[in-house]
Amino acid sequence: MEREYIAATITEKGERAARNGHPWVYEGEVTALSGTPADGDLVDVLSPKGKYLGTGFYNGNSRIRIRIISDNPNDRFDGAFWLRRIRYALAYRKQVMGEDFRCCRLIHGEADRFPGLTVDRFNDILSVEVLSLGTERRKELILNGIVSELRAMGETVTAVYERSDSPLRQKEGLECRTGFFEGPGLATDLGGHVEITENGVKYDVDYIRGQKTGFFLDQKYNRLAAAKLAKGLTVLDCFTHTGAFALNCAAGGAKRVTAVDVSADAIALAKGNAERNGLTNMDFLVADVFDLLTDMAEKKNSPYDMIILDPPAFTKSGATVRNATKGYKEINLKAMKLLPRGGYLATCSCSHFMTDELFRKMLHDAARDAHVMLRQIEGRQQAPDHPILWNVPETDYLKFYLFQVV
């Protein structure tokens, strides 16, 4: 059957990546085009020998020139195609998240074969980020499909809010956009706050002004693991943001929890969440974590049995990994020195570029310099609503470890 799409021939290197299941074709890997595709159009991807490899979104503005969405030559990329993809993604979340289906990530970009699309569910609110041109052009079809499928499952969707304000959109030739999405039966005039419950802890989520889509769902079960370990302990939660790790530990029976963040706004929100849950075994501190740990180390004064390190991504590119490693090592080294023998450390990195191998090496080096040994309790990753495709390394980004310092 004759194909209706313009063909893009790619290099042997690009062919190897595509055959291994990686969906990205970079600009230097496209050697020829059979026509002139508009940005956002679908193109067929061919090997140097003309063999079909897949079909994807073309964008001449982006370093990622083609984002492959299917390797099935019989697919027709109509509404029915996208509905199948939506149903598959929702059925997966319903199965793996169970009762947490009301508060989870519904679409995780390339891991669900929706390039550049994130959809987080906070009860009856969907918070959305679109980072690719091809998806942007089909946004209305996809978002309406998600809403209709959720409602068909008996789920309530009151509003969809778009948080497409990342600088990454500029690399796709897109302007930043935020605002309520207009669709059948969807509200467009809400205040931007919704209450969620995660691990039995209630949170106020600001899906309009909060970071990313409003709340970080990927650490859901890691917070639960830390909380189980924190019972009866005095805990320092660094980079607390909205207080999620701290709140889980306090609710889990920690003796006392101190939540620290450099942002006064974040601390105010964390305090509000503590009040919302009636938690009184908590203290809050606005401070730079690096300075705080340094000061405590110099004074050799640490009342904490457990320290949690959940920093923002110190690196968002391969070029800055070395400097990021220094930052990770500095905070982990100081935490290891501050903890008593038998104390506990929870530490993580949310950067894909800080690989697990690099992160583990950094921890080995920090432990050596701190003159301690680490007894691993658990090694974890992101929650299963943020699935990892082994053929797409970029989907594997969160490293989380629990240790005892011995």
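All chains use their own residue numbering, which begins from 1 and follows the written sequence. In keeping with the model being predicted, local features are shown solely for residues with a pLDDT of at least 70 and side-chain atom pairs are shown and tallied solely at 80 or more, while totals for entire chains, interfaces and linings include all residues. Heavy atoms throughout the structure, all of them, feed into the side-chain values; hydrogens and water do not.

A look at the overall build of the protein
To qualify as a helix, a DSSP run of H or I must reach at least 4 residues; to qualify as a strand, a run of E must reach at least 2; elements of each kind are numbered from the N terminus. Looking only at helices and strands, the protein has ten helices and 20 strands in total. The C-alpha radius of gyration of the protein comes to 23 Å, within 12% of the 22 Å expected for a compact globule of 406 residues. Its C-alpha atoms put the protein at 75 × 50 × 35 Å along the principal axes. Here the protein holds 406 residues, and the buried ones make up 54% of them. Contacts are assigned to residue pairs that have any heavy atoms within 4.5 Å of one another. Considering only residue pairs separated by 6 or more positions, the protein has 63% of its internal contacts joining residues 24 or more positions apart. For the protein, the computed accessible surface area is about 18200 Å², with 50% contributed by carbon and sulfur atoms. The reference for a compact globule is 2.2 Å times residues^0.38; the radius of gyration itself is calculated from the C-alpha atoms. Exposure classes here rest on a 1.4 Å probe applied to the protein chains alone. A residue is buried below 20% of its type maximum, exposed above 50%, and partly exposed in between. For accessible areas, the Shrake-Rupley method is used with a probe of radius 1.4 Å. Any residue's cover is judged against the shown protein chains and nothing else.

As for the environment of R322
Tracing the backbone through its elements, the reader meets R322 in helix 9 (residues 321-338). For R322 and R380, which are 58 residues apart along the polypeptide, the C-alpha to C-alpha distance reads 23 Å.

Quick notes on the layout of surface pockets
In this structure, the second largest pocket encloses a volume near 330 Å³. If you go around the second largest pocket, you meet 19 residues; those closest to its centre are A18, G21, H22, D71 and R113. Mapped onto the lining of the second largest pocket, the elements with two or more residues apiece are helix 1 (12-19), strand 5 (52-58) and strand 6 (64-70). Considered class by class, the residues forming the lining of the second largest pocket number ten nonpolar, five polar and four charged. The pocket and cavity definitions rest on a 1 Å grid over protein atoms only: a 1.4 Å probe that fits but cannot leave marks a cavity, an open set with protein on both sides within 12 Å along at least five of seven lines marks a pocket, and residues lining either have an atom within 4 Å of a point. Grid points are joined across faces, edges and corners, and a volume is the space filled by probe spheres set on the points. Gly is put with the polar residues, along with every residue not named as nonpolar or charged; the nonpolar set is Ala, Val, Leu, Ile, Met, Phe, Trp, Tyr, Cys and Pro, and the charged set is Asp, Glu, Lys and Arg.

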